[in-house]
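# Structural overview
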Amino acid sequence: MAGNQARRLLRAEGEHQVSNTELFFDLVFIFAFTRLTRALVDGHSLVNALEIALLFAAIWWVWTVTAWSTDWFDPEVPYVRAILLWVMLGSLLMAAAVPAALKSAAPVFAVTYVAIHLGRGGGLMYGLRGSPALVRSARVAIWFAATAVLWIAGAYLPAAARDPLWAVAILIDSTLGLIGYPVPGLGATTQEQLRIVGGHLSERHVQLFIVAVGDLVLVTGLRFANAGFDAPHSVAFVLSFANAILLTQLRFLPREQRIGPAIDGSRSPGRVALVTSYPQFLLLGGVLASAAGDELIVAQSTGSARLGTAMLLVSGTGLFLAGRILLPVITRRSVPRMSVGGLVVLPAVIPATAALPAYAVTAAVDLILLSITLADLAVARWAARRGSGGPAGQDSGDIAREGWGDAVRPGSPDPTRPAAPRDSGGRSDR
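Residues numbered from 1 in each chain as written. Predicted model: local features only at pLDDT ≥ 70, side-chain atom pairs only at ≥ 80, totals over all residues. Heavy atoms only, no water.

Below, the discussion takes up the side chain of serine 290. Mapping serine 290 onto the fold places it in helix 12 (residues 277–299). Exposure remark for serine 290: the relative accessible area of 0% places this residue in the buried category. One polar contact links the side chain of serine 290 to the main-chain carbonyl oxygen of glycine 286, over a distance of 2.8 Å. In this structure serine 290 touches Leu216, Asn243, Leu247, Leu313, Gly316 and Thr317, once residues within four positions along its chain are discounted. (Helix = DSSP H or I, 4+ residues; strand = E, 2+ residues; numbered from the N terminus. Buried < 20%, exposed > 50% of the residue type's maximum accessible area, 1.4 Å probe, protein only. Polar contact = N/O pair within 3.5 Å; in protein donor to acceptor, adjacent residues only side chain to side chain. Contact = heavy atoms within 4.5 Å.)

With that out of the way, let us pick up the packing of helix 14 (residues 337–345) against helix 16 (residues 359–386). Angle between the axes and distance between the axes: these two values describe a pair of packed helices. Viewed as axis vectors pointing N to C, helix 14 and helix 16 meet at an angle of 170°, and their least axial separation amounts to 10 Å. Between helix 14 and helix 16, the interaxial angle falls into the category roughly antiparallel. Residue-level inspection shows Met338, Ser339, Gly342 and Val345 of helix 14 in contact with helix 16, the latter providing Ile368, Ser371, Ile372 and Ala375. Across the contact of helix 14 with helix 16, the residue classes break down as 5 nonpolar, 3 polar and no charged. (Axes fitted to C-alpha atoms, helices over the stretch in contact; angles between N-to-C directions. Parallel < 35°, antiparallel > 145°, perpendicular 65-115°, else oblique. Nonpolar A, V, L, I, M, F, W, Y, C, P; charged D, E, K, R; others polar.)

With that out of the way, let us pick up the confidence of the model for the chain. With 86% of its residues at a pLDDT of 70 or more, the chain has an overall mean of 86. With pLDDT under 50 throughout, residues 389–430 is counted as low confidence; its partners more than four residues away or in other chains account for 136 contacts. (pLDDT = per-residue confidence, 0-100.)

A few words now on the packing of helix 3 (residues 46–72) against helix 4 (residues 78–96). With their axes 11 Å apart at the nearest point, helix 3 and helix 4 run at an angle of 170° to one another. The angle between the axes of helix 3 and helix 4 places the two elements in the roughly antiparallel class. Only Leu84, Val87, Ser91 and Met94 of helix 4 make contact with helix 3, whose side of the interface consists of Ala58, Ile59, Val62, Thr66 and Thr70. Classifying every residue of the contact of helix 3 with helix 4 gives 6 nonpolar, 3 polar and no charged.

In this section: the nonpolar core. If you look at the biggest cluster of nonpolar residues, it comprises 103 residues, and the most contacted ones within it are Phe29, Phe109, Tyr113 and Trp151. Counting residues per element, this core draws most heavily on helix 3, which supplies 15 residues. Excluding anything up to four places from it in sequence, tyrosine 113 contacts Ala58, Trp61, Val62, Met94, Phe144, Trp151, Ile170 and Asp173. (Core = buried A, V, L, I, M, F, W, Y, C linked by side-chain atoms within 4.5 Å.)

Right under this line is the structure:
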């Protein structure tokens, strides 16, 4: 009886479209990203930025684990939906604690993070009783319980001790999937048991990116509405909107949509899926830092940009380009030279615009992003005319090599389907 109940929690094979419940879940992260952006605007020193990055990493990992969970378990089943609502509530509390999580609200942030993961794990273990996947759920829950000690202990320590503890905790949480969450006496989960549908994960990443860009539009729009509609503020706002368009264009070029086939055609699907999640962290972090920089530039548009403001926008763009470089390196061993060139040129924006109006920083960054976009599109059109069969949207000057590790090979399975059937014993509990 319990085994039948466990099977009802699983997604049916072939049914991996993003559900309404998953889209509803993403709404929480609009609030979370806005809170993180506000924290960067209020204090963007290097130390503060690194601490906010730590909070962002914890929030991002909550979302990532949930995205994996909804690949295996049907979010439209009431029991699974209840678990998602639990995660949503916890995510709201974590977001509300930003940026006070770096001070008095640290225990709230840490305890909620732990409660989310242990609550999800405990709920899935109860629902999976009688199923082989129960053991896999136990492995993950045991490791989250182990790192809970670091999270909660750190919350009651000074920042100098708390930050390293939390950094170690999030590093463990976000990398243990690479080795299958090994537990003495229970063994480790195999990579095939960690298989997910690459197309579903790819679509979920895209949707979260849209949420992040929405934060950029929201915070700059609110700042513009409060600053007035004079020429300097209007120019700064239009340039910030162009920044959002260019970041989105570069993210959505066809080359960036190829992580699904890389996962589905891999012999180590769990590892490849996890590794391709790391560039997403850089892409999202870049957009959030850019949002904070764009908001400050709109506010400072009647004068020159302060050094911290310029560095915030430039570093955000740099993070975005770093993620954009890393993703094809992982999936195809393809090095996007134009993006690398843009990353090299970026630091020159700060001295070049030091004596100019603040919005010149945004204009210079936009020019770099536009150059990369036009080069990508030109190469895509050239490849289409030649009928080369190469991936559309390949960055100008890409060095194409064989796929990374277990990336897609000739004869790989249909990218829209998993390479092997996944029954309840081959599903993860994440």
